[in-house]
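Each chain, written out:
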Amino acid sequence: MSQWRTPRWIRILRHRVLGARTRNRVSVVMPCYNASAHVESAVRSILNQSHRNVELIVVDDASTDKSREILTELAHRDVRIRLIANSTRRGPGFSRNIGIQRSTGTYLAFCDADDKVLPNAYTKMIETLEGSGSDFVIGGYRRHGESDGHRPGVVKRVHRERLVGMNLDKFPHIIDEPVIWNRLYVRQFWTTSGAVFPENLNYEDQLPALRTARVGTFDVLQEDVYSWRLPDGRNTRSRGRQLTRNLVDRIEMSRRLRSEVAQSSDDTRNFLERRINSTDMMLHVEAIPAANDEFFRIIKSALSGHRSGHDELRSLGLPLKAQLALWAVSSMSRLDVERLLGFWQENTGSIPVSEDANGFLEVDGSWIRRLDLDIPSDVRRVREEQLRLKTRFLSSRRVGRKIEIRFSAYVDGLQIGENREVLVVSPAGAYVARTAEPDHVVNLHAGDPWRDYSNSVFTAIVDDASVAELALLVRFKSAQIVLEERLYLPKPIVDLAVKSSTAGSLVYDDDTAPRAIEVVYGEISNGSVRLGLRAQIPPSRLVLKSRSLHRVSESPQLIRDGEWYYEFRSEHRALPSGAFYVHAVPKGRDSHTAERVSAAPILSLRPMDEVSEFMRLAVSADARGSVTVSIGPPLSSFERSRFGRRVLMEKNWGVLRPSIFFESFNGKSISDVPLAIYESLTSISPGIDTLWSTSDYARDLGSVSKIVCQGTEAWYEALASSRVLVNNNHFPASFRKNQDQFYLQTWHGTPIKRLLGHMNANEVPLTYRRIMERESSDWDLLLAESALAESNLRTGLAYAGPVRRIPDPRAVLLDSGPEREEFRERLGVAREEIVILYAPTWRNESESGEWLVDTRQLSADVGVPVLFRAHHMTAPIDASQGSSIDVSSVSPVEKLISAADILVSDYSSIIYTWAYTGKPICLHLPDIDAYRSDRGFVVEWPPQESCVSLDYDSLVSNLNTCVQELRGGARRGAVEMADDVRSSLDSLIRDVIVPELVGF
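Under an unreviewed UniProt entry, the name given to the chain is CDP-glycerol glycerophosphotransferase, TagB/SpsB family, and the organism recorded is Paraoerskovia marina. The Subcellular location (unreviewed entry) field of the UniProt record for the chain holds the comment "Cell membrane". Check the Sequence similarities (unreviewed entry) section of the UniProt entry for the chain; it says "Belongs to the CDP-glycerol glycerophosphotransferase family."

In structure tokens, the structure reads:
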């Protein structure tokens, strides 16, 4: 029997009666186009507001997915939803205008179909407008994705304080938030303001947002009211900045915005001009490498006013990066513009500033010489208003009745010696002293490779009561400049004080009642991580969660009454690197029900950061009070900072040593051709000094004797001073080999897909193009597995140097007999059990994941275990469940090739190594047409007479056939390795590598 539902006419009547009793209806307009994945969540965020009297007008813009079906069902359930359907696609501007025309509420709001309105948003905003009488109110917003989010810097600036009764000339900073969905309007004001959304024009929010700010009064909230979804790989409108149509729309929108403020104050017009140039147009400038030539011609013409000698635009005080970039586009060739943009992408947009011979500030000459560009003096000139004093809270503690606040303060880009003064202007009476010891945490936060700010740490001692506003006004004085900036403090600045601190123990001097569960400390213990917890009822487990990984702790161990610690163990020397939130699993529940844990206030005031021999651990609190745990390689603050990395890379490490430096897949594994060379080398010449590069210690490092962790001083020294370099990918962008070093590039397989030299320039990221151009010119010898592979590598990598052809060296890493069976046993696979290895290649971020096989379902449908091996460029996926085993961290992959009986792959060169085994291969190519169009092939694919499936059902059928043949006695597990594989590898070592060392 179906469940009885209240008739719709009764629900409508009930809603009308309730609505008559409730004033202040909010009309929310939502345009929707193909938002089936998120539209229900967006709708519910509005219907579940504490302010219940809403009408949601959804305009479906001829969606081709299930959006309209979802909306129809939701409208049937809740009469507050009104669905309007466009017969053809008309765009968001048209859809919003239609929705506004149908609205009936006292107030008017907007929401996009893939976003969310935060709880209590309309209640807060209505209360503000009722108290102020303003025409609209604007709240802050957050960005959110599938796993987490953040509060953008622009929101922090615009919403620093609560403001009432503003207008555009009083508060032009509202121009920096040219969006409409974080506002609540008095609907009558909107209809009389003349605000209309432009149709058939991108960036349509900006014009009505500016118009209403110009003609009305508004309030500014500190609280966030809206959450804007991150792209997360989706092809959103905001990601098409390289498209000519979007650039043309931007130029037209900028013209309309300038016209809108033509009668406003000079400050307002200048503020808008800075926004258009330094933010809006810069988004398109940075997209030039991915754009076509027509795009460059149009943007060059649009920015012609930035050529040398145009003082009116120079007087705006644009950020230095924008000043240089806009001039470059207006005055230089596309090649030179891309050289500048590429340099910034590799080294950040930081620009060092220094004094010229006359005492004027200008862009540093040594930095310009690195670019090898001729920049006019007026473009290089720096005005004081372009400089920014940067302040950052570091830690605080109570000292009697005073509070000691440790903070950093420096002028971005300016290297100033001891002749400077830092004062706290407000609150009055603060004592300030510079910290004697340098602290490279400041360089780490600054992200500037050119300047050392480590001596810019200060301590202010202020009265407890004087920091009630949670901000200090900091003044920076030198012979050249005087700048002021507010230093915002965490809330509360001192919630509790610590009498003493030891590993695993904190003693407090007040009686502040803790929350139900609080993390209070973290520590590294023998390669594992321990988190200390205060809780009267401890959870059964803690979970470290990131977007793609989660790690469950051991059971809790009691420290003392109410305090516990939880340990996260690793089978390696360290835990996997990543940034995690801490979640608690209630007793009797599984890890998927875990909820976020709060941080004790001490972690906001004094975050912890610990480095051991193999791992670094940082534990702190985010802006919402949740615990964040960062695990990484054992690098100091200096080694992690951009400044430290540049200094170490450019350091003169002395004479070369007769050693060989190995790296594979950017240090992510000890594997591939470099490992094959290493193992053959150590058997032929065991006394040769070798070093292996690893990105961290959270992996199987095999039996190699000497390992250096990327980013450490020891790693930079080994890279710069080893006579021979062996790599299958590339080194960092800033590395250039010594002219006396010998660089052997092995590459990582026979090319199947197009390489960068086979693609148009705008199909390849600029940074990768620049890296490979430099890399290929550094190679002394390139390995290729065939004549066809050599040809494709030469053209694809723009390489003209020597090549040595050699059969796939990875074949020597294949196991057979006892080693194979021992490894299968470690995986939990029975001796006679048939095993499938699924090893797909990677896809671009924007591509749908529909090509990815559900290995758990595949194992169930075929009836045998499935090993899942993700590509090294793919984000980790936890595929282990039942008879599906995630082996992505197993290295080298040849162990898996040896252990498995059937390979399922797509466009990966793993099949060439697999071919030596003689075992069956199934190519699963459901997206081959799209992949051929997007990435393309340099060989015939799929090969003739291959076992191919284009959908999941045919894959299952093909695999069932293979399984039956193997069970019927077909040959399994043998390695057919031609004798010339090992002999060719031995010859390479004896004829090339060893002589390079001996001759040296």
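So much for the structure itself; the text now carries on.
Novice: Any chance you could explain the side chain of Gln 745 here in plain terms?
Specialist: Residue placement: Gln 745 occurs in strand 38 (residues 742-745). Overall, the relative accessible area of 0% leaves Gln 745 in the buried class. Ignoring anything within four residues of it in the chain, the contact list for Gln 745 reads Asn 727, Asn 728, Asn 729, Glu 775, Trp 779, Leu 781, Leu 782 and Leu 783.

Novice: Explain the sheet that holds strand 42 (residues 866-868) to me, please; I cannot follow it from the model alone.
Specialist: Two orientations exist for strands paired in a sheet by backbone hydrogen bonds: parallel and antiparallel. The parallel open sheet is built from 6 strands, whose spatial order is 43-42-41-44-45-46. Each edge of the sheet is formed by a strand with only one pairing partner; in this case those strands are strand 43 (884-886) and strand 46 (947-949). Neighbour to neighbour, the strand axes of the sheet diverge by 25° on average, direction disregarded. Relative to strand 42, strand 41 (residues 836-838) runs parallel, the two sharing 3 bridges. The residue of strand 42 that forms the bridge with Tyr 838 is Phe 868.

Novice: Help me out: how do you make sense of the pattern of salt bridges in this one?
Specialist: Between side chains of opposite charge, a pair can form when the charged atoms approach closely. Under the definition given, this model contains 62 salt bridges. Arg 151 is the salt-bridge partner of Asp 224, the closest N and O atoms lying 2.9 Å from each other. With Asp 224 in strand 10 (residues 218-229) and Arg 151 in the loop between strand 7 (149-150) and helix 6 (153-158), this residue pair connects regions lying 73 residues apart in the sequence. What makes Arg 151 partly exposed here is its relative accessible area of 22%. Across the salt bridge formed by Arg 370 and Glu 650, the nearest N and O atoms sit 2.9 Å from each other. Here Arg 370, found in helix 15 (residues 365-371), pairs with Glu 650, found in helix 20 (residues 642-650); they are 280 residues apart in sequence, far enough to count as distant. Of the residues examined, Arg 370 reaches a relative accessible area of 41% and is grouped as partly exposed. Glu 650 gets classed as partly exposed once you look at its relative accessible area, which sits at 43%. Three or more residues joined by partner-sharing salt bridges are found here, namely Arg 96, Asp 112, Glu 204 and Asp 205.

Novice: Before we go on, may I ask you to explain the packing of aromatic side chains in this structure?
Specialist: By convention here, two paired aromatic rings are described through the distance between centres and the angle between planes. Overall, the coordinates contain 32 aromatic pairs when judged by the stated rule. Seen from their ring centres, Phe 110 and Trp 190 are 5.4 Å apart, and the 50° between their planes marks the pair as tilted. On the criterion of sequence distance, the pair formed by Phe 110 in strand 4 (residues 107-110) and Trp 190 in helix 7 (residues 187-193) is long-range, its members being 80 residues apart. Overall, Phe 110 belongs to the buried group, its relative accessible area being 2%. Judged by relative accessible area, which is 3%, Trp 190 ranks as buried. With centroids separated by 5.8 Å and ring planes inclined at 10°, the aromatic side chains of Phe 343 and Trp 450 adopt a geometry described as stacked. Residue Phe 343 is located in helix 14 (residues 334-347), and its partner Trp 450 is located in the loop between helix 17 (441-446) and strand 17 (457-463); the two are separated by 107 residues in the primary sequence. Accessibility assignment for this pair places Phe 343 and Trp 450 in one class, buried. Aromatic ring contacts, followed pair by pair, group Phe 110, Phe 136, Phe 171, Tyr 185, Phe 189, Trp 190, Phe 197 and Phe 218 into a single cluster.

Novice: Sorry, what's going on with the nonpolar core here?
Specialist: Generally speaking, a soluble globular protein has its nonpolar side chains buried in company with each other. Ranked by internal contacts, the top residues of the largest apolar core, which has 135 residues, are Met 30, Leu 184, Val 285, Ile 299, Trp 367 and Phe 407. Counting residues per element, this core draws most heavily on helix 13 (residues 320-331), which supplies 8 residues. With residues near it in sequence (within four places) discarded, Met 30 still touches Val 39, Ala 42, Val 43, Ile 46, Leu 56, Ile 57, Val 58, Val 59, Cys 111, Asp 112 and Ala 113. Core analysis: the next-biggest nonpolar cluster, separate from the first, contains 96 residues, Phe 568, Leu 617, Val 619 and Ile 806 among them.

Novice: Hey, could you run me through the sheet that holds strand 26 (residues 557-560) in this one?
Specialist: Read from one edge to the other, the open sheet built from 5 strands follows the order 26-27-23-22-30, with strand pairing classed as mixed. Only two strands of the sheet have a single partner each, and these edge strands are strand 26 and strand 30 (598-599). Pairing analysis gives 8 bridges linking strand 22 (residues 517-525) to strand 23 (residues 528-535), with the strands arranged antiparallel. Directly across from Tyr 521, in strand 23, lies its bridge partner Gly 532.

Novice: Please explain helix 8 (residues 206-215) as it appears in this structure.
Specialist: Counting along an α-helix, one turn takes 3.6 residues, and residues three or four places apart therefore face a common direction. The element helix 8 is largely enclosed, with a buried count of 7 among its 10 residues. Looking at helix 8, one finds that the buried residues are Gln 206, Leu 207, Pro 208, Ala 209, Leu 210, Thr 212 and Ala 213. Tucked into the core, helix 8 has its buried residues touching strand 6 (136-144), strand 9 (183-186), helix 7, strand 10, helix 9 (244-260) and helix 10 (266-285).

Novice: Explanation requested: helix 30 (residues 952-967) in the structure shown.
Specialist: For helix 30, spanning 16 residues, the distance from its first C-alpha to its last is 22 Å, which sits close to the expected 22 Å at 1.5 Å a residue. Residues of helix 30 that are buried: Leu 955, Val 956, Asn 958, Leu 959, Cys 962, Val 963 and Leu 966. The buried residues of helix 30 occupy an angular sector of 165° when the element is viewed end-on, so they sit on one face. Of the exposed residues in helix 30, those oriented more than 90 degrees away from the buried face are Asp 953 and Gln 964. Elements that come into contact with the buried residues of helix 30 comprise strand 41, helix 26 (855-862), strand 44 (902-905), strand 45 (921-924) and strand 46. Its side-chain oxygen at 3.2 Å from the backbone nitrogen of Asp 953, Asp 951 defines the N-terminal cap of helix 30.

Novice: In this structure, what is going on with unusual backbone geometry? I would like to understand it.
Specialist: When glycine is set aside, most residues are seen to have a negative phi, and most peptide bonds are trans. In the segment running from Ser 891 into Pro 892, the intervening peptide bond is cis, with an omega of 0°. Between Trp 941 and the following residue, Pro 942, the backbone shows a cis peptide bond with an omega angle of 0°. For Trp 747, which is not a glycine, the phi torsion comes out positive at approximately 55°. Locating Trp 747 in the fold gives a position in the loop between strand 38 and helix 23 (766-778). Judged by its relative accessible area of 4%, Trp 747 falls in the buried class. For Ala 798, which is not glycine, the phi dihedral falls at a positive 50°. With respect to the secondary-structure elements, Ala 798 resides in the loop between helix 24 (787-797) and strand 40 (803-805). A residue is classified by how much of its surface remains accessible, and Ala 798, at 63% relative accessible area, is exposed.

Novice: For this particular structure, what's the right way to read the pairing of strand 9?
Specialist: Every other side chain in a regular strand lies on the same face of the sheet, so the side chains alternate between the two faces. Here 3 bridges tie strand 4 to strand 9, and the two strands are oriented antiparallel to one another. Residue pairing for strand 9: Leu 108 is matched across the bridge by Tyr 185.

Novice: What is the right way to read the packing of helix 10 against helix 13 from this model?
Specialist: Packed helices, taken two at a time, are described by their axes: the angle between them and the distance between them. Put simply, helix 10 and helix 13 touch, their axes get as near as 10 Å, and they point 50° apart. The angle between the axes of helix 10 and helix 13 places the two elements in the oblique class. The element helix 10 and its partner helix 13 pack so that their crossing is left-handed. For the pair formed by helix 10 and helix 13, the contact residues are Asn 277, Ser 278, Met 282 and Val 285 on the first element and Lys 321, Ala 322, Ala 325, Leu 326 and Val 329 on the second. Broken down by class, the residue content of the contact of helix 10 with helix 13 amounts to 6 nonpolar, 2 polar and 1 charged.

Novice: Got a minute to help me understand the environment of Glu 894 in this structure?
Specialist: With respect to the secondary-structure elements, Glu 894 resides in helix 27 (residues 893-899). Owing to a relative accessible area of 1%, Glu 894 belongs among the buried residues under this scheme. Beyond its immediate stretch of four places on either side in the chain, Glu 894 contacts Arg 810, Leu 813, Leu 814 and Thr 913.

Novice: How should I be thinking about the confidence of the model for the chain in this particular structure?
Specialist: Residues shown with low pLDDT carry predicted positions that ought not to be read at fine detail. Within the chain, residue pLDDT values average 88, and 90% of them lie at 70 or more. This stretch, residues 1-5, has a pLDDT under 50; its non-local contacts, to residues over four places away or in other chains, come to 2 contacts. Per-residue pLDDT stays below 50 along residues 495-514; that stretch engages in 37 contacts with residues further than four places along the chain or on separate chains.

Novice: Is there a simple way to think about the pairing of strand 6 in this case?
Specialist: Of all 9 residues making up strand 6, 9 are buried, and the element is well covered by its neighbours. Summarising the sheet, strand 6 and strand 9 pair through 3 bridges and their orientation is antiparallel. For Ile 138, the partnering residue across the bridge sits in strand 9 and is Arg 183. Pairing analysis gives 8 bridges linking strand 6 to strand 10, with the strands arranged parallel. Paired with Phe 136 across the bridge in strand 10 is Phe 218. Bridging between strand 6 and strand 7 involves 2 bridges; their strand directions are antiparallel. Bridge pairing in strand 7 links Arg 143 to His 150.

What counts and how
Residues numbered from 1 in each chain as written. Predicted model: local features only at pLDDT ≥ 70, side-chain atom pairs only at ≥ 80, totals over all residues. Heavy atoms only, no water. UniProt positions renumbered as here; feature names shortened; annotations may be inferred. Helix = DSSP H or I, 4+ residues; strand = E, 2+ residues; numbered from the N terminus. Buried < 20%, exposed > 50% of the residue type's maximum accessible area, 1.4 Å probe, protein only. Contact = heavy atoms within 4.5 Å. Pairing = 2+ DSSP bridges. Axes fitted to C-alpha atoms, helices over the stretch in contact; angles between N-to-C directions. Salt bridge = Lys/Arg side-chain N within 4 Å of Asp/Glu carboxyl O. Phe/Tyr/Trp six-rings, centres within 6.5 Å; stacked < 30°, edge-to-face > 60°. Core = buried A, V, L, I, M, F, W, Y, C linked by side-chain atoms within 4.5 Å. Expected span 1.5 Å × (residues − 1). Arc of directions from axis to C-beta. Polar contact = N/O pair within 3.5 Å; in protein donor to acceptor, adjacent residues only side chain to side chain. Parallel < 35°, antiparallel > 145°, perpendicular 65-115°, else oblique. Left-handed = near helix turned anticlockwise from the far one by under 90°. Nonpolar A, V, L, I, M, F, W, Y, C, P; charged D, E, K, R; others polar. pLDDT = per-residue confidence, 0-100.

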